[in-house]
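# Architecture and fold: a report
Below, each chain spelled out in residue letters.
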Amino acid sequence: MSYKVLIINGPNLNLLGKREPHIYGSQTLDDINLALVAKSSELGLRCECYQSNSEGEIVSRIHEAMGNTDYIIINAGAYTHTSVAIRDALLGVAIPFVEVHLSNVHARETFRHQSYLSDKALAVICGLGAYGYEAALSFIAKK
């Protein structure tokens, strides 16, 4: 069986490669997505990549995943620290998810230490850069 994985990226991740490369790296989101599609195929998974700067659009995309997606990998960006709506959507669809962050959020500003998602996630990966997404895919492939 080939699991379907939805990879969700939140606000400002469309600026990867331009925004604070010393924190987030030089790869663009398109570069990362291409690598993830290839990696998922290699692992026998199917993945779809999605990005939005809008909280409501992310919530709607999570709702659309119900019944046709086996796992979600989510980098909710700043919404990680603020969005009860995204948390409720993930809980509402009951799709297991992995939370990913490019930077080590625990080594940054105090407000980034709080996540509304972590306590419900299968796993939390932070500080590994773009490799964190690949690690999440590998984790899912072994489930």
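Residues numbered from 1 in each chain as written. Predicted model: local features only at pLDDT ≥ 70, side-chain atom pairs only at ≥ 80, totals over all residues. Heavy atoms only, no water.

Under an unreviewed UniProt entry, the name given to the chain is 3-dehydroquinate dehydratase, and the source organism is Pelistega suis. Recorded in UniProt for the chain, the comment headed Pathway (unreviewed entry) runs: "Metabolic intermediate biosynthesis; chorismate biosynthesis; chorismate from D-erythrose 4-phosphate and phosphoenolpyruvate: step 3/7." The Sequence similarities (unreviewed entry) field of the UniProt record for the chain holds the comment "Belongs to the type-II 3-dehydroquinase family." (UniProt positions renumbered as here; feature names shortened; annotations may be inferred.)

On to the sheet that holds strand β4 (residues 97-101). Within the open sheet, the 5 strands sit side by side as β2-β1-β3-β4-β5. Their pairing is parallel. If you trace the sheet from one side to the other, it starts and ends with β2 (46-51) and β5 (123-126), each paired once. Within this sheet the neighbouring strands show an average axis-to-axis angle of 20 degrees, counted without direction. Here β4 runs beside β5; their pairing, made up of 4 bridges, is parallel. The residue bridging H101 from the neighbouring strand is C126, located in β5. Most of the contacts of helix α2 (residues 29-42) go to β2, to which it runs at about 165 degrees, and overall it touches β1 (4-9) and β2. (Pairing = 2+ DSSP bridges. Helix = DSSP H or I, 4+ residues; strand = E, 2+ residues; numbered from the N terminus. Axes fitted to C-alpha atoms, helices over the stretch in contact; angles between N-to-C directions. Contact = heavy atoms within 4.5 Å.)

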